[in-house]
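Structural overview for review
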Amino acid sequence: MAPSRSPLDRRSIVEAMTELLGPGAVETGDEQLKAASVDRFKKYTSVHGIYDGPIPAAIVYPSSTAQVAAVLRFAEENLVNVVPRTGGTATEGGLETVVEDSLVVDGSRMNGILSIDPYDMMATAQCGVGLQQLEDALRPRGLTTGHSPQSKPLAQLGGLVATRSIGQFSTLYGGIEDMVVGLEAVFPGGRVVRIKNVPRRAAGPDIRHVVIGSEGALCFITEVTVKLFRYQPENNRYFGFLVDHFSNGIAALRELITWGYRPSVCRVYSPEDARQHFADFYQGKNVVVLVAEGPERIADATAEAIEELFARRRCERVDPGRIQRWFENLNWGQDQIDAEKAAMLKDAHLGYTTEVSVDWSRVSDLFDAVMGRIRNEFPRAGDLTMLGAHSSHSYQTGTNLYFVYDYTINTSPREEIEAYHKPLNAIIVEEALRLGGSMVHHHGIGKYRTPWVHAEHGSAWYLLTGLKHAFDPEGVMNAGTIFPLEPS
């Protein structure tokens, strides 16, 4: 889709936003605008103070759905590109500004928990409510959303829904798309739509999915209702096993899942990836990690099946206390991000990830193909300090592979992305597509997986572009995200 280019200059855009929202809701500081021009895809260049793309005209902070509608009405009338943001933990360039004088619309001040209904098992909250904030309100009542991405301390509901987020306990609770009951969103021109909260309906296509995963390229999510579950951590059972081959770990996961069991956590780590998490016990082997949870009898039955399966496979067992302690320190907050930034400034070294999904029958082929191509074809393979993968989200028909790669940077900071991250990412994506899998499991397309979006969707690309033309005919919503940029 062609990016919009407003006839208004930067000063006029800022003046209009100040009039609409008030001066306290409009940020124009140089450092804040630079930081808002990228997301964590460019974490290495940004920490070195490099911002080569267009800098937004302003960051605006609406405090209500009506204010969001006013901003999007102005944006469409004046062809101003809008980049929606809540939480700001995206990793694929979805928050990057690629059009001059864009508006970053930040929903973090819309942070009210509107209702918690323990009878109908739903909670409704505005887009800027932090996931941790919501969980802190639910758990004293014996409830949980069941959603726990690694970004949980920082993530906010609007961004989680917009990026089709997934959490560490997804094999039991599902991804965010399985948790959303209803929502409210604002489309270009200021049209507010509400999808009501019902258990299920057959009244045409499921229109929730026009919004879920739209990455700000169609609308701005203002409110979300999610389903709730009982919170029963006293029933959790933790398991760890060592297996000789990655394919054996995958086969064990497949057997457990296709039997019909649903441990909340169901993972296998290759030795290279295991080393950075379980260095004290992995013994150079693949590590399988599982958690059984839920009502006591279900957790016990799941635990019994896990023990039977791995005993039959004669796998060495890991002390469950070690697995529990690892999980308790898995999520990343601002302290860990600050430490990562300090390390990047001190050492020319970086770690990145690319996650894809594939059917069970092709998991081992995908793992082997990616490892082989990177080691044999990547021109800077000698700079790799770690290359591994893990499966962390499994389904009846297949699983994801989360490839992890660390490298020493022997280029200038500006060249890092082109020399390392992009070619490594490309190999993983290409192999997933070649084997019939998806190029992205949960991080979203952003702006950096758009080269493969046509191959991903094939003939169904017609449906996706139809949504863009119908709901954003002027192309003012997050230009370059999901839909590749075209020449102006």
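Residues numbered from 1 in each chain as written. Predicted model: local features only at pLDDT ≥ 70, side-chain atom pairs only at ≥ 80, totals over all residues. Heavy atoms only, no water.

**A closer look at the environment of Met-179**
Here Met-179 lies in helix H8 (residues 176-179). Met-179 gets classed as buried once you look at its relative accessible area, which sits at 1%. In this structure, the C-alpha to C-alpha distance between Met-179 and Gly-158, residues 21 residues apart in sequence, is 13 Å. Excluding residues that lie within four positions of it along the chain, Met-179 makes contacts with Thr-145, Gly-146, His-147, Tyr-173, Gly-174, Thr-225, Val-226 and Lys-227. (Helix = DSSP H or I, 4+ residues; strand = E, 2+ residues; numbered from the N terminus. Buried < 20%, exposed > 50% of the residue type's maximum accessible area, 1.4 Å probe, protein only. Contact = heavy atoms within 4.5 Å.)

**Remarks on the state of the cysteines**
On inspection of all chains with the given rule, the structure shows zero disulfides. Among the cysteines around Cys-266, which has no disulfide bond, Cys-315 carries the closest sulfur, lying 13 Å off. We classify Cys-315 as buried; its relative accessible area is 18%. (Disulfide = S-S within 2.5 Å.)

**Here's the deal with the sheet that holds strand S17 (residues 384-391)**
Strand pairing in a sheet relies on backbone hydrogen bonds. The paired strands run either parallel or antiparallel. Within the open sheet, the seven strands sit side by side as S15-S12-S14-S13-S17-S18-S16. Their pairing is antiparallel. Bordering the open sheet on either side are strand S15 (316-318) and strand S16 (349-359), each of which pairs with just one other strand. Taking the axes of each pair of neighbouring strands and ignoring which way they run, one obtains an average angle of 20° across the sheet. Here S16 runs beside strand S18 (residues 398-408); their pairing, made up of eleven bridges, is antiparallel. Its bridge partner being in S18, Val-358 is matched across the sheet by Thr-399. Against the sheet, helix H12 (residues 296-312) makes contact with strand S12 (237-243), strand S14 (286-292) and S15, and its axis sits at roughly 15° relative to S12, the strand it touches most. (Pairing = 2+ DSSP bridges. Axes fitted to C-alpha atoms, helices over the stretch in contact; angles between N-to-C directions.)

**A short note on the nonpolar core**
Counting residues in each nonpolar core, the largest one holds 50 residues, and the members touching the most others are Leu-290, Phe-310, Leu-366, Ile-374, Phe-403 and Tyr-407. Apart from residues no more than four positions distant in its own chain, Ile-374 is found in contact with Ala-381, Leu-384, Leu-387, Leu-424, Ile-427 and Ile-428. (Core = buried A, V, L, I, M, F, W, Y, C linked by side-chain atoms within 4.5 Å.)

**Some words on helix H1 (residues 10-21)**
An α-helical segment advances 3.6 residues per turn. Residues three or four places apart therefore align on the same side. Taking 1.5 Å per residue as the helical rise, H1 with its twelve residues ought to reach 16 Å, and the 16 Å between its terminal C-alpha atoms agrees with that figure. All of the buried residues in H1 are Ile-13, Val-14, Ala-16, Met-17 and Leu-21. Buried residues in H1, looked at end-on, bunch into an arc of 160°, giving them a common side. Exposed and oriented more than 90 degrees from the buried face of H1 are Arg-11 and Glu-19. Summarising the contacts, the buried residues of H1 are in contact with strand S1 (26-27), strand S2 (58-60), helix H4 (65-78) and strand S4 (103-106). (Expected span 1.5 Å × (residues − 1). Arc of directions from axis to C-beta.)

Structural measurements only, silent on function.
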